[in-house]
Amino acid sequence: MKRHLFALLLSLGALFVAQAQTEHVRVDFASDLESIHSKRVFEIKDGTPLEVKPESNGYTYSVTKGATIRLEVTPAEGYVDYLWFEGAGNREHEISKSYNKKNYQIEQISASTTTIRVDCRKLVPVTFVVPKEGSKGKKVQIDEQDDYGTEIAPTEPGGDVYMLPLKGSVYFDSAVDQDHFILCWLLDTFPFSSKPDIFYKQNIVDGMHLEVKFYKSGETRTITYSQPKTAVIKCMDRGRYGSPEVESGSTVDPGNEILFEIAPFNNPDGKVELHHWVVNGVPYKSGGEYFTENSLSLYAFENLEVSAVPMAEYEAPEIKWSISPETVDFGSVAVGATVTREITVTAENATEEILFQLRDAIPALTLSLNKLPAAGGTLILSYTPTGREVVDTKLLCATGESTASIPVKARATTAIEAITEEASPFALVADGLVWKQDTEAKIYTVEGRLVVSGSFARGAKTRLVSAQSYIIVTEEASVKILIP
């Protein structure tokens, strides 16, 4: 009896050991846009990876406690595994150097639940331009835990376009050499006066354009300005201590902030009614409007030549417009079709760009461009109607203070279909029609004017003028009727 009891205890002990050896723990492995990326989890046994299938939710895996596991992700085409994270909620933390990691291995997993998340981002083109002269070799690096992380190569050797993670954080290193200095950074043509050797961008956007400009040691920029007849311009170099005054024709350090102020004769604190400033031969604007403040601050990224035009001295140029054709008439256009018209515009004596805008916002009408150089040129107006309508608007043209306009006309029509009395959703009566079923419809005159539109209930009557023709458009058909 004792022998059998001892054997039973041994068997139970072996069973408990086996159960202990096969105890499982949970791994939650998730990614952004879960449905388009591929994830796999492996247990490594004797150097051999054995794949573990997820539970029905697609992201929970049961693995052997104490095993070595490997998690792999294959982002969808055009995406990258931007960063990996371990933990959940407030305890989530970034896994070091995990950009484009592809896999992450955990040795002897012991926690009852382990959470791993992969932040997959869309890759978008970013242009980074650095002068060849003055750079030791530019670099683009991903921000990983506030550190210069993985270096990204351009799409072509020595090229300027890089595929970077949308909304990611990136360092752009100009690698300027000891004989050059940063003049300025241009982000989408907008200049930054700060001059770091490395430009940090925290939120990458699609199509971003970043450019850096250098200058050589010893280089200068020349500041010239001309005085108006009825006022006085004063110039100061705010890039130097005390903001000393700068005489016209003097040189300053590249990138210094230069302040121009205009005032009446013998009254430095007075105001001048100003029409505009002129910078390097072009009227200076802010937000599309002439800049008329009495103080103008510019950075000496290039040589500066400045003048001002007080209202007392301004003479508006006489603009002679030439627009062909004088009227744009698309005629009758079928719904869904596209018709285009070329418009040639010139503005003799214009010194500014010619801007274009339709008087009315009509989705069916689109312009190929909204501005032309001062010399003029050709633009294309397209009409693609989505429903019956009559268009009567104008194309507005402007350069400086001179404007012109041309009429734009169009009429959209739908194909007229035959319909049997049995299939018709309405019945004609003496002063209108009666709906035989619930119907969504629009009723137009034959000239294209909308008469009524909406939902019509079965049995409802719509009154229309007798002895007139109408077009009724429903989801099923477009028919022409004559009210008896």
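Before going into details, it helps to say that this report is about the structure given with it. (Residues numbered from 1 in each chain as written. Predicted model: local features only at pLDDT ≥ 70, side-chain atom pairs only at ≥ 80, totals over all residues. Heavy atoms only, no water.)

Looking now at the overall build of the protein. When helices and strands are counted, the protein shows 1 helix and 43 strands. For 484 residues, the compact-globule estimate of 2.2 N^0.38 gives 23 Å, and the protein exceeds it by more than 25% at 37 Å. For the C-alpha atoms alone, the extent of the protein along its principal axes is close to 120 × 90 × 45 Å. Burial analysis of the protein (484 residues in total) assigns 38% to the buried set. Put simply, of all contacts in the protein between residues at least 6 apart along the chain, 64% involve residues at least 24 apart. About 27,300 Å² of surface is accessible on the protein, with carbon and sulfur atoms providing 50% of the total. Measuring between centres, the 47 positive side-chain charges of the protein sit 7 Å from its 66 negative side-chain charges. (Helix = DSSP H or I, 4+ residues; strand = E, 2+ residues; numbered from the N terminus. Rg over C-alpha atoms; globule rule 2.2 N^0.38 Å. Buried < 20%, exposed > 50% of the residue type's maximum accessible area, 1.4 Å probe, protein only. Contact = heavy atoms within 4.5 Å. Areas by Shrake-Rupley, 256 points an atom, 1.4 Å probe, with all protein chains shown as cover. Lys, Arg positive; Asp, Glu negative; His and termini not counted. Charge placed at Lys NZ, Arg CZ, Asp CG, Glu CD.)

The 3 strands are arranged S37-S38-S41 in an open sheet whose pairing can be described as antiparallel. Here the strands that pair on one side only, and so sit at the sheet edges, are strand S37 (426-429) and strand S41 (461-463). Direction aside, the axes of adjacent strands within the sheet are offset by 25° on average. Relative to strand S38 (residues 432-435), S37 runs antiparallel, the two being bridged by 4 bridges. Of the residues in S38, the one forming a bridge with leucine 428 is leucine 433. (Pairing = 2+ DSSP bridges. Axes fitted to C-alpha atoms, helices over the stretch in contact; angles between N-to-C directions.)

Attention now goes to the packing of aromatic side chains. Taken as a whole, this structure holds 18 aromatic pairs when the rule is applied. On the numbers, 5.6 Å between centres and 80° between planes, the contact of phenylalanine 192 with phenylalanine 199 is edge-to-face. Take phenylalanine 192: its relative accessible area is 28%, and that puts it in the partly exposed class. By way of ring pairs, the aromatic residues Phe128, Tyr162, Phe172, Trp185, Phe190, Phe192 and Phe199 are connected into one cluster. Directly above the aromatic system of phenylalanine 42 lies the positively charged group of arginine 70, at a separation of 5.4 Å from the ring centroid. (Phe/Tyr/Trp six-rings, centres within 6.5 Å; stacked < 30°, edge-to-face > 60°. Lys NZ or Arg CZ within 6 Å of the ring centre and 35° of its normal.)

What follows covers empty space enclosed by the protein. This structure, assessed with the given rule, holds 1 cavity of 30 Å³ or more. Its volume calculated, the largest cavity comes out at about 30 Å³. In the lining of the largest cavity, the residues fall into 6 nonpolar, 1 polar and no charged. (1 Å grid on protein atoms, 1.4 Å probe; cavity = no way out; pocket = protein on both sides within 12 Å on 5 of 7 lines; lining within 4 Å. Points joined across faces, edges and corners; volume = space filled by probe spheres on them. Nonpolar A, V, L, I, M, F, W, Y, C, P; charged D, E, K, R; others polar.)

For the coordinates displayed, the defined rule picks out 21 salt bridges. The residue aspartate 28 makes a salt bridge to arginine 26 at a minimum N-O spacing of 2.9 Å. Given a relative accessible area of 11%, aspartate 28 falls into the buried group. Residue arginine 26 is classed as partly exposed on the basis of its relative accessible area of 39%. One salt bridge connects lysine 102 with aspartate 81, and the closest N-O pair in it is separated by 3.1 Å. (Salt bridge = Lys/Arg side-chain N within 4 Å of Asp/Glu carboxyl O.)

With respect to the element layout, glutamine 141 can be found in strand S10 (residues 139-143). Residue classification places glutamine 141 among the buried residues on the basis of a relative accessible area of 15%. A distance of 3.3 Å separates a polar atom in the side chain of glutamine 141 from the backbone oxygen of glycine 149. The residues touching glutamine 141, leaving out its near neighbours within four places in the chain, are Tyr148, Gly149, Thr150, Glu151, Val170 and Tyr171. (Polar contact = N/O pair within 3.5 Å; in protein donor to acceptor, adjacent residues only side chain to side chain.)

Bringing the pairing of strand S34 (residues 377-383) into the picture now. Sheet topology note: the strand S30 (residues 339-348)/S34 ladder contains 7 bridges and is antiparallel. Looking at the pairing, threonine 340 lines up with serine 382 of S34. Pairing analysis gives 3 bridges linking strand S32 (residues 365-367) to S34, with the strands arranged antiparallel. Note that in S34 the partner of threonine 366 across the bridge is serine 382.

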